[in-house]
Amino acid sequence: MNSIIKRNQSEKRFKFYGILAVATAIILLMILLFKIFSTGISAFNQTYIGVKIQIEANSDVSNLDPRRELKRNLRAMFPDVKTRSEKKNLYSIFSNGAYYEFQEMLDNYDGKKIDGYYYFLASDDVDMYVKGTVKRKGNSAGRIQSSQMIYIDMFKNMNLIELKYNKYLLGSSDSREPELAGILGAIYGSFYAILIAFITSFPLGILTAVYLEKLASKNRFSDLIETNINNLAAVPSIVFGLLGLAIFLNFFDLPRSASLVGGLTLGLMTLPTIVIASRSAIKSVPPSIEEASIGLGSSKIQTIFNFTLPLAMPGILTGTIIGMARAIGETAPLLMIGMVAFIVDIPSSPMDAATALPVQIFLWQDSPERAFVERTSAAIMVLLLFLFVLNITAVYLRKKLEKKW
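Calculation notes
- Residues numbered from 1 in each chain as written.
- Predicted model: local features only at pLDDT ≥ 70, side-chain atom pairs only at ≥ 80, totals over all residues.
- Heavy atoms only, no water.
- Helix = DSSP H or I, 4+ residues; strand = E, 2+ residues; numbered from the N terminus.
- Expected span 1.5 Å × (residues − 1).
- Buried < 20%, exposed > 50% of the residue type's maximum accessible area, 1.4 Å probe, protein only.
- Contact = heavy atoms within 4.5 Å.
- 1 Å grid on protein atoms, 1.4 Å probe; cavity = no way out; pocket = protein on both sides within 12 Å on 5 of 7 lines; lining within 4 Å.
- Points joined across faces, edges and corners; volume = space filled by probe spheres on them.
- Nonpolar A, V, L, I, M, F, W, Y, C, P; charged D, E, K, R; others polar.
- Pairing = 2+ DSSP bridges.
- Axes fitted to C-alpha atoms, helices over the stretch in contact; angles between N-to-C directions.
- Phe/Tyr/Trp six-rings, centres within 6.5 Å; stacked < 30°, edge-to-face > 60°.
- Lys NZ or Arg CZ within 6 Å of the ring centre and 35° of its normal.
- Patch = residues over 30% accessible without salt bridge, like charges linked within 9 Å, V, L, I, M, F, W, Y side chains within 5 Å.
- Areas by Shrake-Rupley, 256 points an atom, 1.4 Å probe, with all protein chains shown as cover.
- Salt bridge = Lys/Arg side-chain N within 4 Å of Asp/Glu carboxyl O.

Student: Which parts of the structure should I look at to understand helix α1 (residues 2–40)?
Tutor: It helps to recall that an α-helix has 3.6 residues per turn; residues three or four apart then point in one direction. With 39 residues, α1 ought to run about 57 Å at 1.5 Å a step, and its terminal C-alpha atoms sit 57 Å apart, in line with that. Turning to α1, its buried residues number three or more, namely Ile36, Thr39 and Gly40. On its buried face, α1 sits against α15 (371–401).

Student: Is there a simple way to explain empty space enclosed by the protein in this structure?
Tutor: The gaps of empty space that remain are located by a probe, the size of a water molecule, rolled over the atoms. For the coordinates displayed, the defined rule picks out one cavity of 30 Å³ or more. In this structure, the largest cavity spans a volume of roughly 40 Å³. What lines the largest cavity is Ser190, Ala193, Ile194, Leu266, Ala327, Ile328, Glu330, Leu334, Ala356 and Pro358. By residue number, the principal contributor to the lining of the largest cavity is helix α7 (residues 184–215), which donates three residues. Among the residues forming the lining of the largest cavity, the class breakdown is eight nonpolar, one polar and one charged.

Student: Mind showing me how you'd approach the sheet that holds strand β3 (residues 161–165) here?
Tutor: Each strand in a sheet pairs with another by means of backbone hydrogen bonds, the pair being arranged parallel or else antiparallel. Strands sit in the order β2-β1-β3 across an open sheet of three strands; the sheet is antiparallel. A single partner strand is all that each edge strand has here, and the edge strands are β2 (114–121) and β3. Strand-to-strand, the axes of this sheet are offset by a mean angle of 45°, without reference to chain direction. Pairing between strand β1 (residues 45–55) and β2: eight bridges, direction antiparallel. Each residue of the ladder has a partner; that of Gln54, found in β2, is Asp115. Where helix α5 (residues 124–131) meets the sheet, it contacts β1 and β3, and its direction lies at approximately 115° from that of β1.

Student: For this particular structure, what's the right way to read the packing of aromatic side chains?
Tutor: For any two aromatic rings, the description comes down to two numbers: the centre-to-centre distance and the angle of the planes. Counted by the stated rule, this structure contains ten aromatic pairs. Consider the rings of Phe191 and Tyr192, whose centres lie 5.8 Å apart with planes at 55°: the pair is tilted. Relative to Phe252, the ring of Phe251 lies with its centre 5.0 Å away and its plane at 90°, an arrangement referred to as edge-to-face. The burial state of Phe251 is the same as that of Phe252; both residues are exposed. Among the aromatic side chains, those forming a connected cluster through ring pairs are Phe78, Phe94, Tyr151 and Phe155. Here the basic side chain of Lys164 rests over the ring of Tyr48, its NZ or CZ set 5.9 Å away from the ring centre. For Arg176, the ring lying beneath its charged end belongs to Phe342, and the centroid distance is 3.8 Å.

Student: Honestly, a nonpolar patch on the surface in this entry has me stumped. Any pointers?
Tutor: On the surface, a cluster of nonpolar side chains totalling about 590 Å² of accessible area is made up of Leu207, Tyr211, Leu215, Phe221, Ile301 and Phe305. Broken down by secondary-structure element, the contributors of at least two residues to the nonpolar patch are α7 and α12 (300–328). Broken down by element, the residue count for the nonpolar patch peaks at three residues, all from α7. For Leu215, the location among the structural elements is in helix α7. Judged by relative accessible area, which is 40%, Leu215 ranks as partly exposed.

Remember, this is a structural readout, not a statement about activity or role.
Below, the structure is given as structure tokens:
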């Protein structure tokens, strides 16, 4: 009787420990997600400062220097600014992107008179101060000096400082200046790399699984292949990066830092996972289906491609999508093949130099500017969204296509 009581108590303790472990994991995950989202959500807004722009009707703006013209309008707002240092402090609260925005405004000039306030991009230091990331201490805030704070306070008193949607984050590529930096180029690079990885690994993985499961004779050669595939699935990803460096860059002399090389490397890394998942899916097809097909006169190849693979496809697709989700978050293989370069252009093809979203996160987290901290978290949010969509797609396809036997 005592032994039964002790056993029941032991089972209750084990159940409690299990619930405690799950609860602890969920709490830690929620803390991590809260930290990422609370830091990164502010990156989707950007500080803009209003400037009164005056351009007469039918003016010839084709020869205007946007930098000089914007500064002229700023000086008109603050006629007391006389010395060179005062002008420098006034101009420094704006980003270099403000001059590009003013140039865009001049390009769209339609000949009508312009006399009003237009908002232009502030510098990253001003942006951090307005968002509250950098706190004010006396007459300064972080790298913002007391002389610059005077102009910021003047703009605030005139209600000319606003937070607007950050069009650069999702609409441009990388930049040395945080307020101009974006992840669109990295998203394109990741898309091309994953597309190449899927095109190369998916058919090879399925054909390998079909051969090993349905066509290969059980001998030492097939056992060696199976063992190596299982071992490759557990190899660290950086080893595949070294393999891609040796084969695709050094031997085939493909362009360095291109999405093509990244996709081929990720395809090699994902291939063992797809093979293992495909073999498991093929095994799950009832033998009676194949026996019935062969009994009706179909050949073995016809049976495999007309019955076995279509019925195993839900499991194959699930394993493939999970493998692609793992690949999209990999950094080490891409670092080895040179996709860590500073790329300011958005790639137009897999042959162009590019970076990937995980590598972009790696580059930004090492940058000294504090404004890159929130952009790093924002890029992580976008990457988590991609992973979430891929995993939801895998679950949906499995539920939608699987057959009940």
